[in-house]
There are 2 protein chains.
Amino acid sequence: MSVYTPVSKAQLTAWLQNYSVGALERLEPIKSGIENTNYFVTTAQGRYVLTLFERLPAAELPFYLNLMAHLARHGIPCPAPIADLSDAYLGTLNGKPAALVTRLPGKSLERPGEAACRELGFLLARLHLAGRSYPAYQENPRGPRWWRAAAQDVRPFLDAPAWKLLEAELEFQAQHRLSDLPRGPVHADLFRDNALFDGARLAGVIDFYFAGVDCWLFDVAVCANDWCLVDPGQERGLDPALTRAFLDAYHALRPFTPLERDAWPVLLRAAALRFWLSRLHDLHLPRAGELVHAHDPEHFRDVLEMRVATVPPWMEQP
Amino acid sequence: MSVYTPVSKAQLTAWLQNYSVGALERLEPIKSGIENTNYFVTTAQGRYVLTLFERLPAAELPFYLNLMAHLARHGIPCPAPIADLSDAYLGTLNGKPAALVTRLPGKSLERPGEAACRELGFLLARLHLAGRSYPAYQENPRGPRWWRAAAQDVRPFLDAPAWKLLEAELEFQAQHRLSDLPRGPVHADLFRDNALFDGARLAGVIDFYFAGVDCWLFDVAVCANDWCLVDPGQERGLDPALTRAFLDAYHALRPFTPLERDAWPVLLRAAALRFWLSRLHDLHLPRAGELVHAHDPEHFRDVLEMRVATVPPWMEQP
């Protein structure tokens, strides 16, 4: 349950006086999500999500909100922040930084097929292309710099084989400079539960609060490691047909460069490493007041080991 | 029929390469509207309206497009311009300035009742309040300066009683300085056919290409003269219940000032004058290549005469 900071209807009604979205009709807490307090908000005008930011420093929030606004006005189906009467996206509610964004239709798929992976590929490429003109910069908050710090934090909790794998992977990644790969704003957390389908149409990409500037291929690898598994519940291997559908669609709009083809196995490992580390961190070093169960880190350890051991479905010319 | 500049599917497909809205699926000319070339556009991502600007100088277009973008991000249900990959709202297609905007659901009402007039009042007030933080300035293109020029243009086509009425009204308006009334961006053309209802909800306000900065009460008067008539087809008088529903709703969100209460009868006359003049102008001095029948100017002459002769439903404290 993700309501850390309760908001009453009366409090929200007062707060919405500063917006142009009409009178409050309904307010419902959103129970999923672990980072922030979220409510569904319905007004005379429409449907929104209210977020009170519990973890992120207020100084970083404009990067995320302005990125969402930028992408939305380019036609990317992501939550569009609503500006208040003083033209700001970010306000304060019950002592927390808070923002109102549009609520998108659709729901996430547990077992996306080839068609859904193709939709994802198209959308991710369009998102990357639209993000090129976004002027702000913020480093991927879960990039290599964070990996090294997090590895030290979790080291005391790891057995010898786990630490050996982690240390070796950090070393491997450090040997592969990725600074020449094409870069830009990336979502960096586009798991299946952050994509909303309205029928066959990918109608929404949500939760941009891990976004940052990184190589685009990292974003592609994060998606592949979650969307294209042979069996998300059981297997860690990449399904060749799903992977091909996803990569071909992406490639059709934003062609992979030769450097990216070479780097693909490295990035798949990097993406697995990042989530193994964050899940280890969440499990062993939970924040005070954390109300949710952490995801199992072992899943991404398995993904990483398989990416190390197996040549991934090849990123060939489609 | 309003397609002055044809666009083929192949031409639009090529043009959309520069946008993030996905592949073109359908392209349908829009037959209503008299100012621009408009098409409904459906892509893999969503539904849009493509406008090729036939009349407006390119230098004025950013005011309209940025105003729509500003209002949309404040939650006002108006068409949101889509930015292209170079982050511009305005492009060029087949030699014309062109823009892609979101298509809104709903349809206009021929005979709005009290509930619809109330929705309009709320929305117009929210639109005015949201527009206060819009930084650009452009004078209402059909304001007093234009009235005086247009009156001279149409004078040769008027009989003596019509000219007498017109001249007297210009004189009357000139005696009533309106510069002290609260001002901001106004739609200035929010007739029933520019408002889209989705069931009981006012889901869209369209066609901002007569917008400008003027006193808010002018916008209120334009609406009242079209939405609140006793019988839009027959009578010119304001229906007290419709007018009250509209004004009370507006007043609840953006209270009228005492100055505005005094100026209400003047503004109702100004709003009638503006449309009488533009219809006279369209009828007697059509632009070259104009393909539509002009609206009948007599309707607004009748409205003006009635506003001169009759005390309007009073703008009292609700």
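Described below are features of the structure shown in this document. (Residues numbered from 1 in each chain as written. Chains lettered and ligands numbered in written order. Predicted model: local features only at pLDDT ≥ 70, side-chain atom pairs only at ≥ 80, totals over all residues. Heavy atoms only, no water.)

### Brief notes about the interface of chain B and chain A
Step number 1: With 27 residues of chain B in contact, the opposing surface of chain A contributes 27 residues.
Step number 2: Both faces combined, the contact of chain B with chain A buries some 2100 Å², and carbon together with sulfur accounts for 40% of it.
Step number 3: Taken together, the links from chain B to chain A amount to two salt bridges.
Step number 4: Between R73 of chain B and D87 of chain A there is a salt bridge, with the nearest N and O atoms lying 2.9 Å from each other.
Step number 5: Within the residue set of the side of chain B that touches chain A, elements represented by two or more residues are helix 2 (61-73), helix 3 (114-131) and strand 8 (201-205) of chain B.
Step number 6: The element that contributes the greatest number of residues to the side of chain B that touches chain A is helix 3 of chain B, accounting for four residues.
Step number 7: Of the residues belonging to the side of chain B that touches chain A, the class tally is 14 nonpolar, seven polar and six charged. (Contact = heavy atoms within 4.5 Å. Buried area = accessible area lost by both parts, 1.4 Å probe. Salt bridge = Lys/Arg side-chain N within 4 Å of Asp/Glu carboxyl O. Helix = DSSP H or I, 4+ residues; strand = E, 2+ residues; numbered from the N terminus. Nonpolar A, V, L, I, M, F, W, Y, C, P; charged D, E, K, R; others polar.)

### Some details on the sheet that holds strand 5 (residues 96-102) of chain B
Residue and element names in this part refer to chain B.
Step number 1: The five strands lie next to each other as 1-2-3-5-4, forming an open sheet whose pairing is antiparallel. Where the open sheet ends on each side, the last strands, each with one partner, are strand 1 (24-29) and strand 4 (91-93). Neighbour-to-neighbour, the strand axes of the sheet open up by a mean angle of 35°, direction not taken into account.
Step number 2: Where helix 1 (residues 9-16) meets the sheet, its contacts fall on strand 1, strand 2 (37-43), strand 3 (47-52), strand 4 and strand 5, and the angle it forms with strand 1 comes to roughly 125°. (Pairing = 2+ DSSP bridges. Axes fitted to C-alpha atoms, helices over the stretch in contact; angles between N-to-C directions.)

### A closer look at the sheet that holds strand 3 (residues 47-52) of chain A
Residues and elements named next belong to chain A.
Step number 1: Strand order in this open sheet of five strands is 1-2-3-5-4, and the pairing throughout is antiparallel. Bordering the open sheet on either side are strand 1 (24-29) and strand 4 (91-93), each of which pairs with just one other strand. On average, each strand axis in the sheet is tilted by 35° relative to the strand beside it, whichever way the strands run.
Step number 2: Of the pairings in the sheet, the one linking strand 2 (residues 37-43) to strand 3 comprises six bridges and is antiparallel in character. Residue pairing for strand 3: F40 is matched across the bridge by V49.
Step number 3: Against the sheet, helix 1 (residues 9-16) engages strand 1, strand 2, strand 3, strand 4 and strand 5 (96-102), with an angle of about 125° to strand 1.

### Comments concerning the packing of aromatic side chains
Step number 1: Throughout the structure, instances matching the rule amount to 20 aromatic pairs over all chains.
Step number 2: Measuring from centroid to centroid gives 5.5 Å for F63 of chain A and Y134 of chain A, while their planes differ by 70°, and the two rings are edge-to-face. Of this pair, F63 of chain A sits in helix 2 (residues 61-73) while Y134 of chain A is found in the loop between helix 3 (114-131) and helix 4 (144-154), placing the two residues 71 residues apart along the sequence. Here F63 of chain A and Y134 of chain A have matching classes, each one buried.
Step number 3: Note on Y250 of chain B and F256 of chain B: the rings are 5.1 Å apart at their centroids and 20° apart in plane angle, and the pair reads as stacked.
Step number 4: Residue class for Y250 of chain B comes out buried when judged on its relative accessible area of 0%.
Step number 5: Its relative accessible area of 7% is what places F256 of chain B among the buried residues.
Step number 6: When the ring centre of F40 of chain A is taken as reference, the NZ or CZ atom of R103 of chain A above it lies at 3.5 Å. (Phe/Tyr/Trp six-rings, centres within 6.5 Å; stacked < 30°, edge-to-face > 60°. Buried < 20%, exposed > 50% of the residue type's maximum accessible area, 1.4 Å probe, protein only. Lys NZ or Arg CZ within 6 Å of the ring centre and 35° of its normal.)

### Here's the deal with unusual backbone geometry
Step number 1: For N94 of chain A, which is not glycine, the phi torsion reads 50° and is therefore positive.
Step number 2: Of note, N94 of chain A is situated in the loop between strand 4 and strand 5.
Step number 3: Phi at D207 of chain B takes a positive value of approximately 65°, unusual for a residue other than glycine.
Step number 4: Examined against the element boundaries, D207 of chain B turns out to sit in the loop between strand 8 and strand 9 (212-215).
Step number 5: For D207 of chain B, a relative accessible area of 31% puts it in the partly exposed group.

### Overview of helix 6 (residues 216-227) of chain A
The α-helix advances 3.6 residues per turn, and as a result positions three or four apart in sequence lie on the same side.
Residue and element names in this part refer to chain A.
Step number 1: Taking 1.5 Å per residue as the helical rise, helix 6 with its twelve residues ought to reach 16 Å, and the 17 Å between its terminal C-alpha atoms agrees with that figure.
Step number 2: Among the twelve residues in helix 6, twelve count as buried, and that is most of the element.
Step number 3: Regarding helix 6, the residues found buried are W216, L217, F218, D219, V220, A221, V222, C223, A224, N225, D226 and W227. (Expected span 1.5 Å × (residues − 1).)

### Concerning the side chain of N36 of chain A
Residues and elements named next belong to chain A.
Step number 1: Positionally, N36 belongs in the loop between strand 1 and strand 2.
Step number 2: Here N36 falls in the buried class, since its relative accessible area comes to 5%.
Step number 3: Of the polar contacts made by the side chain of N36, one reaches the backbone nitrogen of E54; its length is 3.3 Å. (Polar contact = N/O pair within 3.5 Å; in protein donor to acceptor, adjacent residues only side chain to side chain.)

### Quick word on the pairing of strand 3 of chain A
Residues and elements named next belong to chain A.
Step number 1: Burial analysis of strand 3 places five of its six residues in the buried class, the great majority of the element.
Step number 2: Where strand 2 hands over to strand 3, the hairpin turn is made up of three residues, counted between the paired strands.
Step number 3: Where strand 3 lies against strand 5, five bridges are found, and the strand directions are antiparallel. Bridge pairing in strand 5 places Y48 opposite T102.

### A closer look at the relation of the copies chain B and chain A
Step number 1: Rotating chain B by 180° and translating it 0.0 Å along the rotation axis places it on chain A, where the RMSD comes to 0.0 Å. Both chain copies can therefore be described as sitting about a two-fold axis. Looking at the rotation axis and the C-alpha trace of chain B, the residue lying nearest is R73 of chain B, at 4.5 Å.
Step number 2: Most of the interface of chain B is mirrored in chain A: 100% of its interface residues are interface residues there too. (Least-squares fit on C-alpha atoms with pLDDT ≥ 70 in both.)

### Some thoughts on the nonpolar core
Across soluble globular proteins, nonpolar side chains have a tendency to be buried as a group.
Step number 1: L166, F246 and L267 of chain A are the most contacted members of the largest nonpolar core, which totals 89 residues.
Step number 2: In terms of residue count, helix 8 (residues 258-284) of chain A provides more of this core than any other element does, 13 residues in total.
Step number 3: Beyond its immediate sequence surroundings of up to four residues, L267 of chain A is in contact with L178, L181, C215, L217, F218 and A221 of chain A.
Step number 4: Grouped together as the second largest cluster of nonpolar side chains are 88 residues, V49, I76, A162 and V213 of chain B included. (Core = buried A, V, L, I, M, F, W, Y, C linked by side-chain atoms within 4.5 Å.)

### Topic: the pattern of salt bridges
Step number 1: Per the counting criterion, the structure on display carries 24 salt bridges over all chains.
Step number 2: Residue R201 of chain A pairs with D198 of chain A through a salt bridge whose shortest N-O separation is 3.7 Å.
Step number 3: Relative accessible area serves as the criterion here: at 30%, R201 of chain A is assigned to the partly exposed category.
Step number 4: Residue R236 of chain B pairs with D302 of chain B through a salt bridge whose shortest N-O separation is 3.7 Å.

### Points about the packing of helix 5 (residues 160-175) of chain A against helix 9 (residues 298-309) of chain A
All names here are of chain A.
Step number 1: Between helix 5 and helix 9, the least distance of the axes is 12 Å, while the angle of their chain directions is 55°. Taken as axis vectors, helix 5 and helix 9 run oblique relative to one another. In this structure, helix 5 crosses over helix 9, and the sense of that crossing is left-handed. Contacts between helix 5 and helix 9 involve P161, A162, L165 and E169 from the first element and R301, L304, E305 and V308 from the second.
Step number 2: Looking at the contact of helix 5 with helix 9 residue by residue, the classes come out as five nonpolar, no polar and three charged. (Parallel < 35°, antiparallel > 145°, perpendicular 65-115°, else oblique. Left-handed = near helix turned anticlockwise from the far one by under 90°.)

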